[in-house]
Amino acid sequence: MSPDAPLAVGVVLVGDDGVVAEADAEARRMLDLDLSGVVFPRWRDLGLTDSVQHPPAGRGMLVRRDDPDGSVRWYLLSKRPLRLAGEPLYVFSLADVSSIKNDLDRFKGFFTNAVEGIFQSSPEGRFLAVNPALAAILGYDSPEDMIGALTDLRSELYVDPADRDKLLDRLSRDGVVTGLETRFYRKDRTIKWISQAARVVRDERNEVRYIEGLNIDITARKQAEEAYNDILERYRSIVTGSIDGVILCGAGGEVLTANPETERIFGLSESDLALAGLAGVISDADGGLGRALATLSATGRFRGELTGIKAGGETIPLEVSASGFPHKGGPDHSVWIVRDVADRKKAESVLRESEEKFRRTFDQSPIGASILSLDYRFLRVNDALCRITGYAADELVGMSMLHVTHPDDVAETVAWAERLLAGEFDRYEIDKRYVRQDGGTVWVHLSVRLIRDVAGRGLYLMPMVQDVTERVRAEQEMRELLAEKEGLRLNLEAIFRAIPDAIVVVDTKMRVVKTNRALTDVCFVGDILTGPGGQQVVSGACRRGCFSALRETLATQRPVIEYRVECKGQNPGRVVVINSMPLSGESGQFVGAVLIIRDITRLADLEKRLTDLHGHRGIIGKSKLMRDVYTVLDQLGEVDTTVLITGESGTGKELVAEAIHYGGVRAKKPLVKVNCSALSDELLGSELFGHVRGAFTGAIRDKVGRFEAAQGGTIFLDEIGDVSPRLQLGLLRVLESKEFERVGEAKTRKADVRVIAATNVDLPARIRAGLFRADLYYRLKVVEVRLPPLRDRAEDIPLLSEHFMRQFAANFGKAITRLSEEVMGILMDYPWPGNVRELKYAMEHGCVLCPGGEIRAGHLPRELSVPSCLPPPAEALRPSRGGLSRETILSALREARDNRSLAARRLGIDRKTLYRNMARLGIA
Ligand SMILES: Nc1ncnc2c1ncn2[C@@H]1O[C@H](COP(=O)(O)OP(=O)(O)OP(=O)(O)O)[C@@H](O)[C@H]1O
């Protein structure tokens, strides 16, 4: 039946008792109803499905009837009550809708089972029906669930509401829409891409009945497209930004396009490259390009190293990867990826070299080297390690490093290694012990490094091992030695502290290194050196002689032994003996000196007393002649009388004058010395008595004379024999009346002065010659002290010479200890024309030349040991009142080779007298 054919409708009248009362022909046909019999069939027995008794009034319902032949028929049944002649009846109308129902079922099958989403909506967009596929696409459990949630094509369904408006607009304009791609929200708000087709369905009156639509889920396609586009985009950026050159070639191998990196590699622009073609940039000289093309066409890909040709003709190594791909159904195109590996090749060769170097260094290193796995197994070892451990390389490889570690050192070794592996540090160094293959123990210095990969992960350990057994043994011995040394040092310290001698240790710069407690007792310098902020340089602390021994030791690096010094610093009178010894460092080098100062003041006092037995108040000599002199001197101490001291030059007259003064009552008053031969007569007068301004030419101010200066004390008039008669008178007056006047002044002054006069001339002879006043002579010579020449008292020579030797040795800071026997013999044999003064000069000379120790003959003045050098008899040369002649002085100077001291000695006069005479005679 065509869908437009009118439906067959039958009518059945059924009584209230359910028995069919009448049926039209159509109904009879439909229901195979036979009403020809006596009994009419009941309605419910007509084979229709249930509920037919009481179908809802006014509404049709679909009922089925299974025909005896097995076919099924569908009827639209409606029931209408009717009263006929008061009898209630029911009119059942039956429309045979079997064909429609079958069509509908078919549609429903399609609707239900279609994989595309289908919907039907009112013209306004209200959903009338949706199929399960659409519900599933949009994530709903069932069509009902979907319609319940989305009653119409609401904008919430469309991700872009404009799409819905577009759909409805087009539908109302065109009645149909196809291929509208839009996005729908699913129930869970995820998005689906949908391709929508819809049409407006109209009735026969051209009224819009509904809209039906087909929704196809194109999400997968869209995603694929997006992915494709994404890939395409990425491909583009990769190719453009690739660090490799990418060349796209057509089927004929012609260059279609190339990326910027290609330009950098070959130095050709894209267009030049297109002109040059592959053959222009990849060399075929070795057949490389040909092989690549053949492989590409045979297998679709090629990968290998080829030689590139740069724009300038320079060749470069290339790593090439090419693959073909079909192009629009035509012959294959190919893409060539080229990489300039020149740098890499270079780096590889450098790496190879450095690996080789490393291997050589590793194998030949004198240090035990190995590579350990992270669980401490030897992976590789060198010969040196084999030597240290006594194992062969193949024995060590695979063995745990802990196996060769001494059991006592395993825990420490593991602790260090674990900290290294934990990244606390990159290297550690320890000393530990290995147990050798033969069971012996070796000490090694171990330096372990962790080698990491580029990502910083530990790869392996690299220990370097040095056999330090000898060093460790030496250190142990050293420690023992140091302990022993410390013990000795403590002992020495104790001795150092306890020793009563002062000790000062200095370095080579004279800086104090150490002092002991006794230094403070012996020497005031101790307070400075040992006190807070003590001076560090001895020379700065005390410039006295006692440190000269230290200076000498520092200068000569030789000891100064038993050098005797009288303290002239803070402790005058203290006598010390000094020993200074050089100090050596560990390797024998000179590092300074130690000074030992022994206080021998008491001993020196005893010595002095002993010396005094051999002398008197600083006058040395124990001879009978001298002892007689001392007797007189002792007596003079008691009386304050004038004294005349006579004796040859150099016999000690001045010394005796001093002894008289200091031994007398005037000792605390001045002792004024005047050499009467040194000045002219006029000057001597003013010198002795003073003058007033203008008294004579040159007297520009008043002057106090020596008599006044010696007030209360003593005046010593040396060389009294040279005084002029006029002054002799003045002197006589002073001696007699104790009065005098200044030159040029009338005022008489009192002189409370003791007069001691001395002369080396024969005064009685001068009196006889009328040159000296006899009254003055007798006035002077109240007491005469006659000093004997040294030649007359040879027994005093050893005493005197040793006395002077000690004196000069101390002055010069030399450790001169004695006179040789030969020297002593010479001294005893010599006639000493210059008397004690000459002996004193001789000893000074000897101490100057002697470096220390013993004074030898060679240190003495030449004339003492060479008889021809002896001066002429002193008497002959002794100057007269008028002084020495010019000739005498010149010849003495000539013989003494201009040495004035020597010339003076030869002349038997002192240096001052010689100078005075030279000045008088104009000898320069
Ligand atoms: N007996 C002695 N003991 C120690 N020193 C002495 C002795 N005699 C002389 N001398 C020393 O010899 C040197 C010369 O002595 P001094 O000047 O007293 O002699 P002098 O007789 O006065 O000489 P001159 O007549 O030439 O002036 C002085 O340095 C002095 O100290």
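Residues numbered from 1 in each chain as written. Predicted model: local features only at pLDDT ≥ 70, side-chain atom pairs only at ≥ 80, totals over all residues. Heavy atoms only, no water.

Draft legend 1. Representation of the pattern of salt bridges in the model. Counted according to the given criterion, the structure contains 60 salt bridges. Ionic pairing is found between Arg433 and Asp409, a salt bridge with its closest N-O pair at 2.9 Å. Highlighted residues: Arg433 in strand β18 (residues 427-435) and Asp409 in the loop between α13 (401-404) and α14 (410-421), separated in sequence by 24 residues. The exposure classification of Arg433 matches that of Asp409, with both residues buried. Measuring nitrogen to oxygen at the nearest pair gives 3.0 Å for the salt bridge that ties Asp501 to Arg598. One end of the pair, Asp501, is in the loop between α15 (469-498) and β21 (502-507); the other, Arg598, is in strand β25 (residues 590-599), and 97 residues separate them in sequence. (Salt bridge = Lys/Arg side-chain N within 4 Å of Asp/Glu carboxyl O. Helix = DSSP H or I, 4+ residues; strand = E, 2+ residues; numbered from the N terminus. Buried < 20%, exposed > 50% of the residue type's maximum accessible area, 1.4 Å probe, protein only.)

Draft legend 2. Representation of the packing of helix α28 (residues 797-812) against helix α29 (residues 821-829) within the structure. The interhelical angle for the contact between α28 and α29, taken along N-to-C directions, is 125 degrees, at an axis separation of 10 Å. One way to sum up the angle between α28 and α29 is to call them oblique. Of the two possible hands of crossing, α28 and α29 adopt the one that is right-handed. Contacts from Ile797, Pro798, Ser801 and Glu802 of α28 reach α29 at Met824, Leu827 and Met828. Here the residues of the contact of α28 with α29 are counted per class, giving five nonpolar, one polar and one charged. (Axes fitted to C-alpha atoms, helices over the stretch in contact; angles between N-to-C directions. Parallel < 35°, antiparallel > 145°, perpendicular 65-115°, else oblique. Left-handed = near helix turned anticlockwise from the far one by under 90°. Contact = heavy atoms within 4.5 Å. Nonpolar A, V, L, I, M, F, W, Y, C, P; charged D, E, K, R; others polar.)

Draft legend 3. How the structure looks around α28. For α28, with 16 residues, the first-to-last C-alpha span of 22 Å sits near the 22 Å given by 1.5 Å per residue. Buried within α28 we find Ile797, Leu800, Ser801, Phe804, Met805, Phe808 and Ala809. One side of α28 holds all its buried residues, which, seen down the axis, span an arc of 155 degrees. (Expected span 1.5 Å × (residues − 1). Arc of directions from axis to C-beta.)

Draft legend 4. Structural view of the nonpolar core. Ranked by size, the top nonpolar core spans 29 residues in total, and within it Leu688, Phe707, Ile715, Leu717, Ile720, Leu731 and Leu780 carry the most contacts. The greatest single-element share of this core, amounting to five residues, is contributed by helix α25 (residues 725-737). Ile715 has contacts with Val672, Val674, Leu688, Arg706, Phe707, Ala710, Val753, Arg754, Val755 and Ile756, leaving out every residue within four places of it along the chain. (Core = buried A, V, L, I, M, F, W, Y, C linked by side-chain atoms within 4.5 Å.)

Draft legend 5. Up close: the layout of surface pockets. Of the voids in this model, the second largest pocket is the one considered here, and its volume is about 750 Å³. As for the second largest pocket, its lining consists of 31 residues, and the residues nearest its centre are Gly652, Glu654, Leu655, Arg837 and Lys840. Those elements giving two or more residues to the lining of the second largest pocket turn out to be β27 (619-620), α22 (653-663), α28, α30 (835-849) and α35 (911-921). Take the lining of the second largest pocket: its biggest share by element is five residues, from α22. Residues that form the lining of the second largest pocket fall into these classes: ten nonpolar, ten polar and eleven charged. (1 Å grid on protein atoms, 1.4 Å probe; cavity = no way out; pocket = protein on both sides within 12 Å on 5 of 7 lines; lining within 4 Å. Points joined across faces, edges and corners; volume = space filled by probe spheres on them.)

Draft legend 6. Geometry of the environment of Lys187. With respect to the element layout, Lys187 can be found in the loop between β8 (176-185) and β9 (191-202). Its relative accessible area of 42% is what places Lys187 among the partly exposed residues. Once the C-alpha coordinates of Lys187 and Leu150 are considered, the two residues, 37 residues apart in sequence, prove to be 9.6 Å apart. In this structure, Lys187 is in contact with Leu138, Gly139, Tyr140, Asp141 and Asp145, ignoring residues within four places of it in sequence. Among the polar contacts made by the side chain of Lys187, one reaches the side chain of Asp145 at a distance of 3.4 Å. (Polar contact = N/O pair within 3.5 Å; in protein donor to acceptor, adjacent residues only side chain to side chain.)

Draft legend 7. Highlighting the sheet that holds strand β28 (residues 643-646). Read across the sheet, five strands follow the order β29-β32-β35-β28-β36 without closing on themselves; strand pairing throughout is parallel. This sheet does not close on itself; its edge strands, each paired only once, are β29 (671-675) and β36 (783-786). On average, each strand axis in the sheet is tilted by 20 degrees relative to the strand beside it, whichever way the strands run. Bridging between β28 and strand β35 (residues 754-759) involves four bridges; their strand directions are parallel. Bridge pairing in β35 links Ile645 to Ala758. Of the strands in this sheet, β28, β35 and β36 touch helix α21 (residues 624-638), which is tilted by about 150 degrees from β36. (Pairing = 2+ DSSP bridges.)

Draft legend 8. A look at the packing of aromatic side chains. Scanning the entire structure with this criterion turns up twelve aromatic pairs. Taken together, Trp416, Phe425 and Tyr428 form an aromatic cluster joined through their ring pairs. Cation over ring: Arg189 sits above Tyr185, and NZ or CZ is 3.8 Å from the ring centre. Sitting above the plane of the Trp193 ring, Lys222 keeps its charged end 4.2 Å from the centroid. (Phe/Tyr/Trp six-rings, centres within 6.5 Å; stacked < 30°, edge-to-face > 60°. Lys NZ or Arg CZ within 6 Å of the ring centre and 35° of its normal.)

Draft legend 9. Quick peek at the packing of helix α23 (residues 681-689) against α25. At their nearest, the axes of α23 and α25 sit 10 Å apart, and the two run at 15 degrees to each other. What the angle tells us is that α23 and α25 run roughly parallel. Considering the relative orientation of α23 and α25, their crossing is left-handed. Across the interface between the two elements, Asp681, Glu682, Leu684, Gly685, Leu688 and Phe689 from α23 touch Arg726, Leu727, Gly730, Leu731 and Val734 from α25. Residues of the contact of α23 with α25, tallied by class, amount to six nonpolar, two polar and three charged.

Draft legend 10. Structural context of the pairing of strand β19 (residues 441-452). One ladder, built from nine bridges, connects β18 with β19; its direction is antiparallel. Across the sheet, the residue bridging to Glu429 is Ser447, located in β19. Linking two consecutive strands that pair antiparallel, namely β18 and β19, is a turn of five residues; a positive phi of about 90 degrees is found at Gly439 within it. Where β19 folds back on strand β20 (residues 458-467), the antiparallel hairpin that results is connected by five residues, among which Gly456 adopts a positive phi of roughly 90 degrees.

Draft legend 11. Summary view of empty space enclosed by the protein. The tally for this structure, following the rule as stated, stands at two cavities of 30 Å³ or more. Roughly 30 Å³ of volume is contained in the second largest cavity.

Draft legend 12. Focus on the environment of Gly148. Topologically, Gly148 is positioned in helix α4 (residues 143-149). Along the sequence, Gly148 and Phe127 sit 21 residues apart, while their C-alpha atoms lie 9.6 Å from each other.

Draft legend 13. Fine view of unusual backbone geometry. At Asn206, a residue that is not glycine, the phi angle is positive and equals roughly 65 degrees. Backbone geometry at Asn835 places phi at a positive 55 degrees, although glycine is not the residue there. Within the secondary structure layout, Asn835 lies in helix α30. The class for Asn835 is buried, based on a relative accessible area of 0%.

Draft legend 14. Expanded view of the sheet that holds β19. Reading across the sheet, the five strands line up as β17-β16-β20-β19-β18 and stay open at both edges, with antiparallel pairing between neighbours. The strands lining the two open edges of the sheet, one partner per strand, are β17 (378-381) and β18. On average, each strand axis in the sheet is inclined to that of its neighbour by 30 degrees, with strand direction left out of account. With three bridges connecting them, strand β16 (residues 368-372) and β20 associate as antiparallel partners. Looking at β20, one finds that Ala369 is bridged to Met464. Sitting on the sheet, α14 touches β18, β19 and β20, and the angle it makes with β18 is about 155 degrees.

Draft legend 15. Region of interest: the confidence of the model for the protein chain. Of all residues in the protein chain, 90% attain a pLDDT of 70 or more, and the chain-wide mean is 83. Least confident of the elements in the protein chain is helix α32 (residues 874-877), whose mean pLDDT is 43; most confident is β28, at 95. (pLDDT = per-residue confidence, 0-100.)

Draft legend 16. Molecular detail of the site of the ligand. Lining the immediate surroundings of the ligand are 18 residues, of which Ile620, Ser649, Lys653, Arg837 and Lys840 lie closest. Ile620 has a polar backbone atom sitting 2.8 Å from a nitrogen atom of the ligand. Here an oxygen atom of the ligand and a side-chain polar atom of Lys840 are 2.9 Å apart. For the ligand, whose unbound accessible area comes to 620 Å², protein coverage reaches 91%. Mapping the ligand onto the cavity grids shows that it belongs to the second largest pocket. (Near = heavy atom within 4 Å. Areas by Shrake-Rupley, 256 points an atom, 1.4 Å probe, with all protein chains shown as cover. Sits in = over half its atoms within 2 Å of the grid points.)

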